[in-house]
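Listed below are the residues making up each chain.
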Amino acid sequence: MLIGGKAGDGITEAGAMIAHLMNAIGYRLFRHVEAPSLIRGGHNFVIVRAHRQRISAYRDHVNVLIALNAETIERHEWRLKQRPITVFDSEAIKPSGLPASLHPFRTGIPVKTILEKEEAPPVMRNSAILGAFCRAISIPWEVLEDVITRYQPKKTELNLKVARRGYDLATEKLMVDLPGGAPQPVLGGLEAIGLGLIRGGLKAYASYPMTPATGLLHFLAKQAPRFELKVVQPEGEIAAMLMALGHAYAGERAAVGTSGGGFALMVEGLSMAGQAELPIVVVLGQRPGPSTGLPTYTSQTELEFALTAGQGEFPRAIIAPGEVEQAYAWSTLAMDLAWKYQLPVIVLGDRTLHDSSQSFDVGAVPELPRLRQLDWDGAPLDDEPDLAYQRYLITDDGVSPLAFPGRGGVIVKANSYTHDEYGVTTEDPEMTVRMQEKWLRKGRAMAEELDGLPLVNVYGDPAATRTVVTWGSPVGALREIGELIGVRVVQPVVLWPFPARRLEAALAGSERTVVVEMNATGQFAGLMRRHGLHVDAVVNRYDGRPFGVGELRARVEGALK
Amino acid sequence: MSVESSGAKKGTEATGGAGAERPAAAKGSVSAQGAAAAKAGAPAVKLGTYAKNTWCPGCGNFAVLNAIKAVFQDLIAGGTRREDIVVVADIGCSSKIMDYIGVNSFDSLHGRAIPTAVGVKLANPGLTVVVHVGDGGAYAEGLEHLIFAAQRNADITVIVHDNGVYGLTIGQAGPMTPPGYKGRSTPYGSESTPFNPLELLHVAGATWLGRGYTHGIPLLKKLYREAIAHPGFGLVDTLQVCVTFRNMYEEYNERVYELEGHDPRDETAALAKIREWDYASDGPVALGHFLTRERPVFAEGFARYGGAVDVEAAVAEVFAELA
C-alpha cells in the first residue's frame, strides 16, 4: 500500500502506523519512505509492503492507494494494478475528479468535517484516514484501537474518536487475510547497525547530521542512557572523526557516521587511523552525488571512494550489508575487526538500507564469531613507564598488543608521523619500511580471518547457470527475483579485502553473469574484472530511486538472455 | 634506530573496550603540596626521552618544553600519576614536543589536535589532557575546533606556541603575522592583519585565558600550572620566538609587561586588557592571566557513567520495544 500527501502532512508517521497495523495482524514488512529534502510542501510518500514471508524490497505496484491530496493520485495512479483500492480525503479530492478506473473500489471520507465534529487539530487527519484504511481492507477495529493506544501516547482518546469516525464512514472493499502470529521487531537499517555496533562494544559516537546517516545519531542519542554511550554532535565531520580517534587512543570503542560529503572531510583522519593504527568504524551512507546531489535519495556510488580514500597505503575493510539482519550481525563484526587489527572499517550502506524499515527475523541473522582484541600483558615499569610498552611493537602478523593511557607503569605514544616501535617520530628509512610492511602483514592476517567467514551469500537457485551478482540493498529485491525466475544470486557482504577466492567459488559454473548496482559506472563490476572475474553485463540505476521488484526483474531477465 | 624490539609478542586476548585502569576523575590538583615537595629536595621525576631534539638553537620552544616539563614534574610530585598525563600535539615545530616528554602523547593532524584531545578526555575523564599547537594549527587550520572547544568548555588545556610564522615549512606568513611580512609565499609583503585570538575566545565563551612569553619561564610555569588546574577550557597564548624566521626577542623585550592588580573574574576588565594589543601594532603587550569564568565543563554527565551495562540484555530490551 502507498500513502501520499504534502511534506508536513505527517506521511512518514502515518506510514509507520500502517506498518504497525500490518505487523499486528501477522505480516512481514518492508517500508520505503520517499521524502524530498524539505520540511514543508512537496510530495512525500511511503510504501508499506506486507507479505507472509520475510521481504526486504518493495514492489513498484500497489494494491491500496491512500491519498491525502489529488497529487498523490496523479503521481501514483500507474502503480495500481487490477482491483485497486483507493482510500482518499473526499474534501481534498473531488470524487468526480478521480479517474474512472478507480471508481469501483474507492472509499472517500470527509476528513475536515470529521475533525470539526471532534474539535480535533488538523494533525489528526491521519487518524481519520487510518480508520478508513482499516475499514476498507477489513482490519478489525480492535487492532487499530490497540495500535493507536500503543504508538500515539499523546491525546490517545481524541485520536481514537477521530479514527472511529473514519472507520464508520468508510466501506469495506476487501477482506484482508489475517495471518496471525506474534508481531516481529521492525527495524530501520540504521537501528540494526546501531544495535550491532553496541553489541560490538561501542561506547562513543560522534557525528554531524547528514542524510542518510542522521538516523543513527538520533537512535544512539536516544539510547545513550541505557547503554552509557557518549554521543556527541561536534562542529563538523572533521571534528567527529578526530574525536572518535581520540576515544580510540584512550581505549574506547568509537564510531562515526556520515555520507559522501562528510566522509570527504574525514578522509585525512581516516589516513591517520592507518598510520597511528587506531581502530575506527565509519558508517558511510551513500546518496547520489557528485557534491550535494540528491540528498535524500539513494545510490551506491562511494565504493571506489571508500576503497581509495586517504593518502598513503594502509589496510582497511569495507563491509556492505544489504538487509537488517546482515546489518546487525556484520556491524558487530566491523567493530571487532577494527579492534582486532587496529584499522579503519567502513560499513557501506545507502539511503535504502539505512532509512527503510524491515521486519527483523532473528532466524535470518548470520552467525559470525566474536573477534578478540589483543591486550598487552607485559610488565609495567613504575620508574621508567616510557620504556615499558611499545605501542607499535613489530610482530609476525603485524598486530601490536594494546595498552591505553592511564594504565599504571605504562606510557602510550600514538603518532601520525612515521614512528618507531615506541611511537617516537623517526624518518629512518629502515623503520619506515618495517612499519609499512607491518601494516601489509596486518591486512593479510585480516583477509585470512575474513576468508573463513560467510562473507559471500548465494540465493535463488545455486545450481543455475545464469547468475546475478549484487552488493548492498538491491539484494532484497534480487533474493525474491532469484526465486521467482530461478537464477543464481550472489551477494558479497565483505567488499574489501576483496573476497576473490570465495566469489570465484560462488560463480563456478556460471555461463552468464550480470552485476546489479545503483551507480552509473559499474564500480563493483569493475572491481571484479580487476580481480579476473568475468562480468557479461551491468544492470544499473542512478536516478536516486531504489530498485523495485517488478522493474528489476524485467531488466535482469533482459540482461541474462 | 636506537631501540631494539624484543621481537616476541607479548599479549593476551580480551573482548570489549578499554583495558585501561581508570583513575578517579580528578584534574591536576596542583599543588602547594607538590611545590613544597619539590622545594624540600625530593628528586623530580625525569621526563626526558631518547628522541634527538631538532629545534634550532635559541628556539622559543625550549622555554615551553622546560616550563611544561617542570609543571608536569610538580603535578607528579603533588600526586598526579605520570601515566594520567596526555600531551596531544598538532603538526609543526611545536608538535615535536611530544617526542621530548616521557608522558603519554598523541601526535594528531595539522589543525586537529583539539578535537583529538576532546575525544581523549571524554573517553577517560581521569586524564589530564594538554594540547601543544602552533598559531597555524590553532588560529588558521583548526580555528573552528578552538572556538567550539572554548564554547563548550571542553576540559582541556591548550598551549599555543604563537610565533606568528610557519616555521617548519620554512617561513610563510601565518594568521598572526603582521602585514608587510616578507616570506617565500608573500615575497612582496603579506597583506592580512592578525585577529586577536584572546578577544575571539573571550567572546566564544572561554573560561580561562592567559598570555605568556618564552623569555620568562617562571611566568610560563605559573600560567601553565593554573590553566591545567582550571576545570574546563584553558588557553595560554605563548609568544614563542622563532629565531630563524621571525625573531621578535628585541621587540617583545621592550614591550611586554606583567599584569598587576587585574581581577581575572572581571570579564569587562579582562576584555579591555586583552584588547590593549592587537597583535600587529607596537603597543604594550600584557602578560599574565586575563580571564576566569565558572561554567559547567563539557559532557560532565559522561563522567558519571557507571560502566556496568548488561549489553546483551539491553539490546534484547530494545528489540522487544521495536516489535
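Residues numbered from 1 in each chain as written. Chains lettered and ligands numbered in written order. Predicted model: local features only at pLDDT ≥ 70, side-chain atom pairs only at ≥ 80, totals over all residues.

Things to note about the overall build of chain B
The test is simple: Here a helix means four or more residues in a row that DSSP labels H or I, a strand means two or more in a row labelled E, and each is numbered from the N terminus. Exposure classes come from backbone-placed C-beta atoms, where a residue is buried if 20 or more other C-beta atoms lie within 10 Å of its own, exposed if 12 or fewer do, and partly exposed in between.
Helix and strand content of chain B: 11 helices and 9 strands. Taken over 323 residues, chain B has a buried fraction of 49%.

A word on the sheet that holds strand S14 (residues 357-359) of chain A
Residue and element names in this part refer to chain A. Let me state the cut-off plainly: Note: two strands are recorded as paired if DSSP finds a minimum of 2 bridges between them. The convention used is that axes are lines fitted to C-alpha atoms, helices contributing only their stretch in contact, and that angles between N-to-C directions extend from 0 to 180 degrees. Two residues qualify as a contact pair if the distance between their C-beta atoms, derived from the backbone, is within 7 Å.
Read across the sheet, 8 strands follow the order S6-S5-S4-S1-S3-S2-S14-S7 without closing on themselves; strand pairing throughout is mixed. In this open sheet, the two edge strands, each paired with only one partner strand, are strand S6 (106-109) and strand S7 (186-188). Neighbour-to-neighbour, the strand axes of the sheet open up by a mean angle of 15 degrees, direction not taken into account. Where strand S5 (residues 80-89) and S6 come together, 4 bridges link them in parallel fashion. Paired with Val87 across the bridge in S6 is Thr107. Of the strands in this sheet, strand S1 (2-6), strand S2 (28-34), strand S3 (43-51), S7 and S14 touch helix H1 (residues 11-24), which is tilted by about 10 degrees from S3.

Things to note about the domain arrangement of chain A
Residue and element names in this part refer to chain A. What counts here: An automatic or database domain assignment is the source of the domain bounds shown. Classification used: nonpolar for Ala, Val, Leu, Ile, Met, Phe, Trp, Tyr, Cys and Pro, charged for Asp, Glu, Lys and Arg, polar for all others including Gly.
Domain boundaries assigned for chain A yield domain 1 (2-169), domain 2 (186-362), domain 3 (385-451) and domain 4 (456-560). Each of domain 1 and domain 2 has a C-alpha centre, and these two points are 34 Å apart. Contacts between the two partners involve 13 residues from domain 1, matched on the other side by 10 residues from domain 2. When residues of the side of domain 1 that touches domain 2 are traced back to their parent elements, those giving at least two are H1 and S2. When grouped by side-chain class, the residues that make up the side of domain 1 that touches domain 2 number 6 nonpolar, 4 polar and 3 charged.

Some points on the interface of chain B and chain A
Reports often express the size of an interface as the amount of accessible area lost when the parts come together. Each partner contributes to the interface: chain B provides 60 residues, whereas chain A provides 73 residues. Looking at the side of chain B that touches chain A, the elements that each hand over two or more residues are strand S1 (12-14), strand S3 (104-107), helix H4 (113-123), helix H6 (143-152) and helix H11 (311-322) of chain B. Residue contributions to the side of chain B that touches chain A peak at 8 residues, all from H4(B). Considered class by class, the residues forming the side of chain B that touches chain A number 30 nonpolar, 18 polar and 12 charged. When strand S16 (residues 413-415) of chain A meets S3(B), the two strands line up parallel, connected through 3 bridges. Bridged to A:Ala414 within S3(B) is B:Phe106.

A look at the pairing of strand S21 (residues 512-517) of chain A
On a regular strand, one side chain projects to one face of the sheet and the next to the other, so that they alternate. Residue and element names in this part refer to chain A. Put simply, the rule is: By convention, a crossover is right-handed whenever its connection, traced from the first strand over the helix to the second and viewed with the strands pointing away, goes clockwise.
Where burial is concerned, most of S21 is hidden: 5 out of the 6 residues are buried. By the bridge criterion, 5 bridges tie strand S18 (residues 466-470) to S21 in an arrangement that is parallel. Pairing of Val469 across the sheet is with Val515, part of S21. In the sheet, S21 pairs with strand S22 (residues 537-540) via 4 bridges, with the strands oriented parallel. Along S22, the bridge assignment pairs Val516 with Val539. Following the chain from S21 across helix H17 (residues 523-530) to the adjacent parallel S22, one finds a crossover that is right-handed.

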